[in-house]
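Descriptive analysis of the structure
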Amino acid sequence: MTIQWFPGHMAKARRQVTEQLKLIDVVIELVDARLPASSRNPMIDEIIAHKPRLVVLNKADMADERLTRKWIAYFEQKGFKAISINAQAGQGMKEITAACKELVKEKFDRMIAKGVNPRAVRALIVGIPNVGKSTLINKIAKKNIAKTGDRPGVTTAQQWIKVGKELELLDTPGILWPKFEDELVGLRLATSGAIKDAILNLQDVAVYALRFLSAHYPEKLKERYNLTHLSEDIVELFDDIGKRRGCLLSGGIIDYDKTAEIVLRELRAGKLGRITFEEPNEYAEIEA
Ligand code: G4P
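Residues numbered from 1 in each chain as written. Predicted model: local features only at pLDDT ≥ 70, side-chain atom pairs only at ≥ 80, totals over all residues. Heavy atoms only, no water.

Looking at the nonpolar core
Counting 74 residues, the largest nonpolar core has Ile 28, Leu 57, Ile 96, Leu 136 and Leu 221 as the members making the most contacts within it. For this core, the leading source of residues is helix H7 (residues 202–216), giving eight residues. When neighbours within four sequence positions are excluded, Leu 57 is seen to be in contact with Val 31, Ala 33, Pro 36, Thr 68, Trp 71, Ile 72, Phe 75, Ala 82, Ile 83, Ser 84 and Ile 85. Listed in part, the 16 residues of the second largest apolar core include Leu 124, Leu 170, Leu 176 and Trp 177. (Core = buried A, V, L, I, M, F, W, Y, C linked by side-chain atoms within 4.5 Å. Buried < 20%, exposed > 50% of the residue type's maximum accessible area, 1.4 Å probe, protein only. Helix = DSSP H or I, 4+ residues; strand = E, 2+ residues; numbered from the N terminus. Contact = heavy atoms within 4.5 Å.)

Structural notes on the site of the ligand
Within the structure, the ligand sits among 16 residues, and Asp 61, Asn 130, Lys 133, Ser 134 and Thr 135 are positioned closest to it. At 2.8 Å from an oxygen atom of the ligand is found a side-chain nitrogen or oxygen belonging to Lys 133. At 2.5 Å from an oxygen atom of the ligand is found a side-chain nitrogen or oxygen belonging to Ser 134. About the coverage of the ligand: the protein hides 64% of its 710 Å² of free accessible area. Looking at the shell around the ligand element by element, the count peaks at three residues for helix H5 (residues 133–144). (Near = heavy atom within 4 Å. Polar contact = N/O pair within 3.5 Å; in protein donor to acceptor, adjacent residues only side chain to side chain. Areas by Shrake-Rupley, 256 points an atom, 1.4 Å probe, with all protein chains shown as cover.)

Observations regarding the packing of aromatic side chains
Under the definition given, this model contains eight aromatic pairs. Aromatic rings pair up to connect Tyr 208, Phe 212, Tyr 217 and Phe 277 into one cluster. One residue, Arg 122, lies across the ring of Trp 160, its end atom 6.0 Å from the ring centre. (Phe/Tyr/Trp six-rings, centres within 6.5 Å; stacked < 30°, edge-to-face > 60°. Lys NZ or Arg CZ within 6 Å of the ring centre and 35° of its normal.)

Topic: unusual backbone geometry
Of note in the backbone geometry, Ala 49 takes a positive phi value of approximately 50 degrees without being a glycine. With respect to the helices and strands, the residue Ala 49 is situated in the loop between helix H2 (44–48) and strand E2 (53–58). In the Ramachandran plot, Asn 226 falls in the positive-phi region, its phi being about 55 degrees despite a non-glycine side chain. With respect to the secondary-structure elements, Asn 226 resides in the loop between helix H8 (218–225) and helix H9 (234–244). For Asn 226, a relative accessible area of 55% translates into the label exposed.

Taken by themselves, the reported measurements are silent on function.
Structure representation (structure tokens):
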């Protein structure tokens, strides 16, 4: 999905989420476990305001497990509940229900004490494009879609998906924009595949990716491209990988576009292994 985030679209997206918030108890903020800071909406805290929030790190199958644990600790320290899942494989679904229940426990206990019958927790998934919102909703909906548009106070077209007896999910996710004005955030989103290639220069993105991999995952990079040494000169590194992959133009010149395309395609497909592009300790810098 390509969304052009003009100011008018951002305002509309915000309005839609604000409307959806009126219907629910808990917000499930979906982020990409490989870039849990860059894949967030920069105004999320303001938009969500005081609703209880579960931060779900999706695509955990592609992320560095050590860093995923650090990110979960980071979000919990900020006062949210946080879990990691793999929506594509349907892993972590039970944990979502359990976490949502826990988040509303006090409120629901108070309702029960007043004699109100316990009901299912109502939740909304929000996130920037491409973090896996539809994948997660489809995974859950396969078994459980339920039309409940006639419930009082619920707008007519709204559908809820029942997740067991204890959770109901709005079938339309809240879509918000990323912090694309930040260059580093843009490069990380592009490297992960969340931003379409036409928007950023392919070679620029690959330069960022190769520098990052050389610094943080050198062994994975060497292994994938059968390199004994990683040149610190980025052009030489492109040359070495391009040669290994036969990316040659006439006259033996390296085809840098092709080399960039191969590196990014393989990285996004997980061929280099589990990689996370940011650590919690630099998050303060991104938020600033
Ligand atoms: P969105 O609604 O938030 O915009 O995201 P969407 O569900 O469309 O997911 C974006 C891409 O991320 C999809 O890949 C989807 O398959 C993939 N994805 C979602 N959850 C996971 C996960 O837990 N692990 C992994 N590895 N991938 C996940 P795509 O390339 O756009 O499509 P396709 O390859 O599935 O056809």
